[in-house]
Structure formats: C-alpha cells, structure tokens
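# Tertiary structure, described
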Amino acid sequence: PVFVDVLTDTFNMDPLSLENAIETAIKAGLTPRAVIPVDLFGQLADYHAIEKICQAHALWILSDAAQSFGGTYHGHKAGTIGLATTTSFFPAKPLGCYGDGGAIFTDDDELAAMLHSLRVHGQGEDKYQNIRVGINGRLDTLQAAILKEKLAIFPDEIVARQNIAARYNEGLKDVVKTPVVLEGLQSVWAQYTITLKNAERSSLITALRAAGIPTAIYYPKPLHQQIAYQQYPVASSGLKVSEDLATRVLSLPMHAYLAKETQDYIIQAVRNFYHK
C-alpha cells in the first residue's frame, strides 16, 4: 500500500495526492495495481477524477462504501462504481444489522465466483471441495433477516438523515466548520463531523460530556501513523491534511431517529460553548 492524502472539505481522497502516490510507487520500483477510495462519513469520493487517473494508469478501483451505502454520486448509487464495492452492515452504519455483517458488489462474474468461494472456506463445486484458502465470511441468517426488513425503511431513513444534517448545518454554520457535500452528491451521513480549531476540541468534548452529550473522534491517528503500517510509503507530497484533520474533527450524535428536541439541545450546547 501507498497512502494518499485527503481533501480538507470532504475528507475524501485527494486526486492530486493520488497522482503523487502513483509516482511514489513507480519510483520505489512498485507496480501500481489498484486504488481503494474510502467514502468517509457518508459522502462518496470524487470518482470522476479518480476514474480518469485510474484509466490513465490502467488501475482498477475497489470502492470502500462502508459509510456511504445508500448515497449517490451524480446519479450513480454507491455499489455501482469501480470493479467492486465493499460495504459494512455493522450496527453503527447507515444500514446496520444487529451484529457484524457486510457485502461486496461487483458486475464481474469471475470475481463474484471467486468471492463466493473465498467466503466459504475457499470451496469449489461443493462444500466438500476446497480449491483455495478462504475464510468463514458468511452473513448469518438472523442478520440477513434483520437487514431485509430494514431495507424496506432505508430510503425513509436516508431522508431523515438529510433533514437532521440540514438542521445541524443551519444551527452550527456560524460557530464551527460544518461538513460540505459537493454538488451532484447525496451523503447518507454515517457521521456528522465538524472541524474545529485544534485547541478547542478537548474543551468542547468536556463541555458536551458535562451536558450529557456523547461525541466521537473516529480516527485520532491516521492509518500511515499506525505502528502496523509505518513502514509503508506515502504520497510524495505528504499527508499533511490527514494529519491536521485528525487533531481537529469531532463527530456529533447522528442517526435517523434523532428527535428535534434532542438535536436542538445538542446544537445549543455547542453554541453555548462558543458564546460563554
């Protein structure tokens, strides 16, 4: 892996940094094969720009839609872009089951057959034949039943999330940097993440906790700084945006059933912090 920086407004992959990462890989004697854009916090990455770069370098795309499933990109639904798309059904995700779960989407029949084999211990024509080393990655029946029922109300939940995000934006836009959704895109708001000044974050967390409001810092340390991945290269231009945002972002409560009264309480608590 060669790590790529993100954009300051959407938190998603920076196409210019991707170009730099490809150059970094080639200079290191590596042969670039694929790009894995992550649709962070609910909004899809800039796939028009990413696809153009991938076509120029003969790279295929594995889209990580763990947080964007249900979102759209210029009329394309998450799960229909690239060679394959992964998503998660973990309970905290926009479409969540009651345990662990996930899915992979592809229109490549050969890849689909391989994935089907890999998820069941690498089976061949039947479960008593193993043709490759695989995993036990089957979604259990109970979780599938839950997801089937939740799919029926998922479109309404997406609309509810849009409305909640809009109310947050309106209530907080003059005190913090609110999230940006690019024109032509629809976020499913897996998280509602604001950007603060570095020195403010810990104090705001403390103030909100005192008011009984939970917050989260989902990625306090960028991936390239994790011990397990420190030896891998990064884009030649560096990952300054990722490193900066990790110290300044904060996610507020977000789900489809957040009552207006509760949300107003959260908004007012944030505003009180800045107007004390």
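The preceding data block contains the structure.
Along each chain, the written sequence defines residue order, and numbers are assigned to residues from 1. Side-chain atom pairs in this predicted model are given and counted only at pLDDT of 80 or more, local residue features only at pLDDT of at least 70, and totals for whole chains, interfaces and linings cover all residues. To obtain the side-chain values, all non-hydrogen atoms of the structure were used and water was disregarded.

### Some points on the overall build of the protein
Looking only at helices and strands, one finds 7 helices and 9 strands in the protein. The reference for a compact globule is 2.2 Å times residues^0.38; the radius of gyration itself is calculated from the C-alpha atoms. The C-alpha radius of gyration computed for the protein amounts to 20 Å, which stays within 12% of the reference 19 Å derived for 276 residues, consistent with globular compactness. Seen through its principal axes, the protein has C-alpha atoms that stretch 65 × 50 × 35 Å. Should any heavy atoms of two residues lie within 4.5 Å, those residues are considered in contact. For the protein, restricting intrachain contacts to residue pairs at least 6 apart in sequence, the fraction spanning at least 24 positions comes to 65%. Positive charge is attributed to Lys and Arg, negative charge to Asp and Glu, and no charge count is given to His or to the chain ends. Where a charge lies is defined by one atom per residue type, namely NZ (Lys), CZ (Arg), CG (Asp) and CD (Glu). Of the side-chain charges in the protein, 24 are positive and 28 negative, and the distance between the mean point of each set is 7 Å. Secondary structure elements are defined from DSSP: runs of H or I of at least 4 residues count as helices, runs of E of at least 2 residues count as strands, and each element is numbered from the N terminus.

### Side note on the layout of surface pockets
Method remark: on a 1 Å grid restricted to protein atoms, a set of points is classed as a cavity if a 1.4 Å probe fits but cannot get out and as a pocket if it is open with protein on both sides within 12 Å along at least five of seven lines; lining residues have an atom within 4 Å of a point. Grid points are joined across faces, edges and corners, and a volume is the space filled by probe spheres set on the points. The computed volume of the largest pocket comes to approximately 1,300 Å³. Lining the largest pocket are 44 residues, with Phe3, Val4, Ile36, Val38 and Leu223 positioned closest to its centre. Elements represented by at least two residues in the lining of the largest pocket include exactly helix 1 (15-27), strand 1 (34-35), strand 2 (60-64) and helix 6 (240-245). Counting residues per element, the lining of the largest pocket draws most heavily on helix 1, at 4 residues. Its residues assigned to classes, the lining of the largest pocket shows 33 nonpolar, 5 polar and 6 charged. Roughly 430 Å³ of volume is contained in the second largest pocket. Together, 16 residues line the second largest pocket, and Gly102, Ala103, Ile104, Arg119 and Gly137 are the ones closest to its centre. Taken together, the elements giving at least two residues each to the lining of the second largest pocket come down to strand 6 (102-105) and helix 3 (109-119). When residues of the lining of the second largest pocket are assigned to their parent elements, the largest contribution, 5 residues, is made by helix 3. Along the lines of polarity and charge, the residues of the lining of the second largest pocket split into 8 nonpolar, 4 polar and 4 charged. Under the grouping applied here, Gly and all other residues not named as nonpolar or charged are polar, the nonpolar ones being Ala, Val, Leu, Ile, Met, Phe, Trp, Tyr, Cys and Pro and the charged ones Asp, Glu, Lys and Arg.

### Quick notes on helix 7 (residues 260-274)
Across its 15 residues, helix 7 extends 21 Å between first and last C-alpha, which sits within 8% of the 21 Å expected from 1.5 Å per residue. Exposure categories follow from relative accessible area, calculated using a 1.4 Å probe and restricted to protein chains: below 20% of the type maximum is buried, above 50% is exposed, and the middle band is partly exposed. Here helix 7 has its buried residues at Gln263, Ile266, Ile267, Ala269, Val270, Arg271 and Phe273. In this structure, the buried residues of helix 7 make contact with helix 4 (141-172), helix 5 (201-210) and strand 9 (249-252). One fewer than the residue count of a helix, multiplied by 1.5 Å, yields its expected span.

### What to know about empty space enclosed by the protein
It is a probe the size of a water molecule, rolled over the atoms, that shows where empty space is left. Applying the stated criterion to the full structure yields 2 cavities of 30 Å³ or more. Looking at the largest cavity, its volume works out to about 90 Å³. Lining the largest cavity are 15 residues, and of these Leu40, Phe41, Gln43, Pro179 and Trp189 sit closest to its centre. Across the lining of the largest cavity, the residue classes tally to 8 nonpolar, 6 polar and 1 charged. Counted as a void, the second largest cavity has a volume near 40 Å³. Residue classes in the lining of the second largest cavity are distributed as 6 nonpolar, 2 polar and 1 charged.

### Observations concerning the packing of aromatic side chains
Each Phe, Tyr or Trp ring, with Trp reduced to its six-membered ring, pairs with another whose centre is within 6.5 Å; inter-plane angles below 30 degrees give stacked pairs, above 60 give edge-to-face pairs, and intermediate values give tilted ones. For the structure on display, the rule yields 12 aromatic pairs. A centroid spacing of 6.3 Å and a plane angle of 35° characterise the contact between phenylalanine 41 and tyrosine 219, whose relative ring orientation is tilted. Of the two residues, phenylalanine 41 sits in the loop between strand 1 and helix 2 (47-57) while tyrosine 219 sits in the loop between helix 5 and helix 6, which places them 178 residues apart along the sequence. Residue phenylalanine 41 is classed as buried on the basis of its relative accessible area of 9%. Ring centres of tyrosine 229 and tyrosine 232 lie 6.3 Å apart, and the angle between their planes is 35°; this geometry places the pair in the tilted category. Judged by its relative accessible area of 32%, tyrosine 232 is partly exposed.

### Some words on the pattern of salt bridges
In the sections that follow, a salt bridge refers to a side-chain nitrogen of Lys or Arg positioned within 4 Å of a carboxyl oxygen of Asp or Glu. By the definition in use, this model includes 4 salt bridges. Across the pair aspartate 264 and arginine 167 runs a salt bridge, and its minimum N-O distance is 2.7 Å. Separated by 97 residues along the polypeptide, aspartate 264 in helix 7 and arginine 167 in helix 4 bring together distant segments of the chain. Look at aspartate 264 and you get partly exposed, because its relative accessible area is 38%. Residue arginine 167 is classed as partly exposed on the basis of its relative accessible area, which comes to 27%. With its nearest N and O atoms 2.7 Å apart, the salt bridge here joins aspartate 174 to arginine 271. A residue pair is termed long-range when its members are at least 10 positions apart, and aspartate 174 in the loop between helix 4 and strand 7 (185-186) and arginine 271 in helix 7 qualify at 97 residues.

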